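# Survey of secondary and tertiary structure
Listed here are the chains, written in short residue letters.
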Amino acid sequence: MRKLLILLTVMMLAIFACTPEKRVTTAESAEWEAHLHLDSAIEYIDHQRYEQAMIQLKTAEKLLPVIKNDSLCYRICLYIGWMNEQAGVHETALDYEQMAKIYADATENRHYIVNAMIHQVNTLNNMGNTDEGRRINEMAINQYDSLEQNQKSTLLCNQAYYLMLDDSLQEAERIAYQAAMLAEDSASMGNALSVLSRIMLHKGDEQQAQVLMTMIPQTENLTLRYNRLMTESDLQESRGDYKGALQTQKLLRQMSDSIAQQRAALDITRVQTQFDHQWHQRRSAERSFKLSLLIIFMLLAMGGIIYIYFRRQQMHHQEFQQHISAVRSDMNHLLTLRNTRIEDLKMALDDRMTEIEEMKKKLTGQFAEDQMYFQIKNIKKGVDVLSAILNNENISQYGREEQQGVYQALWLTNRELAAQLDNPDVQLTPKETFFCIMEHFNIPDDKKIDLFCCTEQALRSTKSRLNKKMDLKSIH
């Protein structure tokens, strides 16, 4: 039974070790799947289907621990951070932008590193944390010579914005112009011109600010249009055109509502929480399903092993009984032979009982409880006592079990003597039974004293009790 438990334990450990904990087990397959989700997310973003985009990105995010492509990990984190940034979930955006920065550092690609830092700066500016934004922007500018044109433009635009806040308008104007000259797309150009026009307003140069505002590209970019309207409102107020400023403020409120609606549609926090909850539920369901399959398999395996175990026990028991029957037959034959010596019988029984004991070790439970085995074992005990008596060995340690064994042996070898000793009306003690057998074999009293390890007085007491129970002369 112990071997069975060890086998089942080994099987359980092996099955748990072989059960896949993750559906994706290789970096190559994980990278391929993550690429698919990222491409789908970008496609959804292009069509402004932001919830579906976030679901694709979050699915790709679950593969990050397996993916070994740092560039791909960087892009996934940056897109998630950007969507949170657009939705105004600034703390979460910063977390993902920091993860993107870590992956970018691992790639040693300066464009990736600076791009992640630019996103961090934008988020910090939106949060009003311009001191931290300024620090990160300066760190990015340290790699200025190796950057792309648009990256240089964005960093300079941010620097001009910080200088404007410090009232360093002359330096801010110079850097903003430089940012505009480096811009390669309408968004970068518009941001630079927007900052430049605000600098002009701070300087009191309304005419120049008006000129710059007309140069801002007319795009669908809500942020750029919003910045342009803010500058226009400031310009109208500085001119005393309060009616125009009021009209512009109405347009700003409408745009704020539009951006708010867009952010409401981009309820990133809800989407992320819902996705994480559903993902964990699915993982929990998968683990429960695998555990159920494992339990079923284990029950089937255990049932099969138990069935095989009991079948083997039955076969061993049948073989055991056949062997015992053969031993009993041989023993009966030897015991009934008149010229059989006790010593020969003892040697034969010792050899056969050794074989039986080895076979019995393979049996457990009810199979080991064989009545014929115990009968033969008792007879062997009786033969051992008879052998000890004939060989003048100490028998003082023998008791009730050996007495019963002697009776069983005598019933097969000397039924007349067995009938005298194994008589319910007489009720002999073990010592009295052994004394009678010694009398039967004509063993003198001095030898009896040695065999019993007793005094002469104790031997006379035993003999006296026996004379009261039976006629000792009749057993010779």
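Residues numbered from 1 in each chain as written. Predicted model: local features only at pLDDT ≥ 70, side-chain atom pairs only at ≥ 80, totals over all residues. Heavy atoms only, no water.

### So, the overall build of the protein
Basically, it comes down to this: Helix and strand assignments follow DSSP, with helices taken as H or I runs no shorter than four residues and strands as E runs no shorter than two, numbered in order from the N terminus. Summary of the burial criterion: residues with accessible area below 20% of their type's maximum are buried, those above 50% are exposed, and those between are partly exposed, where the area comes from a 1.4 Å probe applied to protein chains only. Only heavy atoms matter for contacts: two residues are in contact if any of them lie within 4.5 Å across the pair.
Helices and strands together make up the secondary structure of the protein, namely 21 helices and 0 strands. With 476 residues in all, the protein has 40% of them scored as buried. Contacts spanning at least 24 positions in sequence make up 65% of the contacts within the protein whose residues lie at least 6 apart.

### What to know about helix α4 (residues 70–86)
Going by this rule: The span expected for a helix works out to 1.5 Å for each residue beyond the first.
Relative to the 24 Å expected for 17 residues at 1.5 Å per residue, α4 spans 24 Å between its end C-alpha atoms, a close match to the ideal helical length. Turning to α4, its buried residues are L72, C73, Y74, I76, C77, L78, I80, G81, M83, N84 and E85. Backbone geometry just after α4 places G88 at a positive phi near 80°.

### Observations concerning the packing of helix α7 (residues 130–141) against helix α8 (residues 149–165)
Put simply, the rule is: Helix axes are fitted only over the stretch in contact, all axes being lines through C-alpha atoms; the angle between N-to-C directions runs from 0 to 180 degrees. We call two directions roughly parallel when the angle between them is under 35 degrees, roughly antiparallel when it is over 145, roughly perpendicular when it lies between 65 and 115, and oblique otherwise. In a left-handed crossing the near helix is turned counterclockwise from the far helix by less than a right angle, and in a right-handed crossing that turn is clockwise. Classes in brief: Ala, Val, Leu, Ile, Met, Phe, Trp, Tyr, Cys and Pro nonpolar; Asp, Glu, Lys and Arg charged; the others, Gly included, polar.
Taken N-terminus to C-terminus, the directions of α7 and α8 make an angle of 140°; their axes are 10 Å apart at the nearest point. Here α7 lies oblique to α8, going by the angle between them. When the axes of α7 and α8 are compared, the crossing they make is left-handed. Two secondary-structure elements touch here, α7 through T130, G133, R134, N137, A140 and I141 and α8 through L155, N158, Q159, Y162 and L165. Of the residues that constitute the contact of α7 with α8, the class distribution is 5 nonpolar, 5 polar and 1 charged.

### A closer look at the pattern of salt bridges
In plain terms, the rule: When a carboxyl oxygen of Asp or Glu lies within 4 Å of a side-chain nitrogen of Lys or Arg, that pair is called a salt bridge.
All chains considered together, the criterion is met by 13 salt bridges. A salt bridge links K381 to E401; the shortest N-O distance between them is 2.6 Å. Of this pair, K381 sits in helix α16 (residues 371–390) while E401 sits in helix α17 (residues 400–413), and the two are 20 residues apart along the sequence. A network of salt bridges, in which partner residues are shared, links E432, R465 and K469.

### Structural notes on the packing of aromatic side chains
Applied cut-off: The rule is short: rings of Phe, Tyr and Trp, with Trp giving its six-membered ring, pair when the centres are within 6.5 Å, and they are stacked under 30 degrees, edge-to-face over 60, tilted in between.
According to the stated counting rule, one finds 2 aromatic pairs in the structure shown. Taking 4.4 Å as the distance between ring centres and 25° as the angle between the ring planes, the aromatic pair formed by Y74 and Y112 counts as stacked. One end of the pair, Y74, is in helix α4; the other, Y112, is in helix α6 (residues 110–127), with 38 residues separating them in the sequence. Their ring planes at 55° and their centres at 5.8 Å tell us that Y161 and Y162 sit as a pair that is tilted. The buried category is assigned to Y162, whose relative accessible area is 2%.

### Some details on the environment of A187
Position of A187 relative to the elements: it lies in helix α10 (residues 186–203). Taking the C-alpha atoms as reference, A187 lies 9.8 Å from T154; in sequence the two are 33 residues apart.

### Concerning the environment of L72
Structurally, L72 is set in helix α4. Once residues lying within four places of it in the same chain are set aside, the contact partners of L72 are E31, A34, H35, L38 and I67.

### A short note on the nonpolar core
Heads up, the condition is: Within this scheme, the nonpolar core is defined by two criteria: the residues are buried Ala, Val, Leu, Ile, Met, Phe, Trp, Tyr or Cys, and they are joined through side-chain atoms within 4.5 Å.
In terms of nonpolar packing, the biggest core is built from 39 residues, with A34, I67, I76, M83 and L155 touching the most fellow members. Where this core is concerned, the elements lending two or more residues are α2 (27–46), α3 (50–61), α4, α5 (90–107), α6, α7 and α8. The biggest single contributor to this core is α4, with 8 residues. The residues touching L155, leaving out its near neighbours within four places in the chain, are V114, I118, N137, A140, I141 and L147. In terms of nonpolar packing, the next biggest core, distinct from the first, is built from 34 residues, I342, F434, I437 and C454 among them.

### Concerning the environment of T214
Among the structural elements, T214 can be located in helix α11 (residues 206–215). Taking the relative accessible area as the measure of exposure, T214 reaches 55% and is therefore exposed. C-alpha separation for the pair T214 and L193, spaced 21 residues apart in sequence, amounts to 9.5 Å.

### A look at unusual backbone geometry
Positive phi is not limited to glycine here, since Q427 has a value of about 55°. Relative to the helices and strands, Q427 resides in the loop between α18 (415–421) and α19 (430–440). Unusually for a residue other than glycine, C453 sits at a positive phi of about 55°. Along the polypeptide, C453 turns up in the loop between α20 (445–452) and α21 (456–469). Note on C453: relative accessible area 53%, which makes it exposed.

### Looking at the state of the cysteines
Let me state the cut-off plainly: For the purposes of this analysis, a disulfide is any pair of cysteine sulfur atoms at a distance within 2.5 Å.
Counted under the stated rule, the structure contains 0 disulfides. Of all cysteine sulfurs, the one in C454 lies closest to C453, which takes part in no disulfide; the gap is 7.9 Å. Here C454 falls in the buried class, since its relative accessible area comes to 17%.

### Some thoughts on the packing of α4 against α5
With their axes 8 Å apart at the nearest point, α4 and α5 run at an angle of 160° to one another. Viewed along their axes, α4 and α5 adopt a mutual orientation that is roughly antiparallel. For α4 against α5, the interelement crossing comes out left-handed. For the pair α4 and α5, contact is made by D70, S71, C73, Y74, C77, L78, I80, G81, N84 and E85 and by H90, T92, A93, Y96, E97, M99, A100, Y103, A104, A106 and T107, respectively. Of the residues belonging to the contact of α4 with α5, the class tally is 12 nonpolar, 6 polar and 3 charged.

### With respect to the side chain of K448
Here K448 is to be found in helix α20. Sequence-distant contacts of K448, that is, excluding residues within four places in its chain, are made with F435, M438, E439, I443 and L459.

### A short note on a nonpolar patch on the surface
Defined as follows: Excluding any residue in a salt bridge, patches collect residues exceeding 30% relative accessible area, merging like charges within 9 Å and nonpolar Val, Leu, Ile, Met, Phe, Trp and Tyr side chains within 5 Å. Accessible areas in this description were obtained via Shrake-Rupley with a 1.4 Å probe; residue shielding takes into account the shown protein chains only.
Together, F289, L293, I296 and L300 give the surface a local cluster of nonpolar side chains, amounting to about 440 Å² of exposed area. Tracing the sequence through the fold places F289 in helix α14 (residues 268–336). Since its relative accessible area comes to 52%, F289 is described here as exposed.

### Some thoughts on the confidence of the model for the protein
The following threshold applies: The predictor attaches a confidence to each residue, called pLDDT, with possible values from 0 through 100.
For the protein, the average pLDDT comes to 79, and 76% of its residues sit at 70 or higher. For the protein, the element scoring lowest by mean pLDDT is helix α1 (residues 2–18), at 53; α7 scores highest, at 93. Predicted confidence for residues 259–265 stays below pLDDT 50, and this span has 8 contacts to residues more than four positions away or in other chains.

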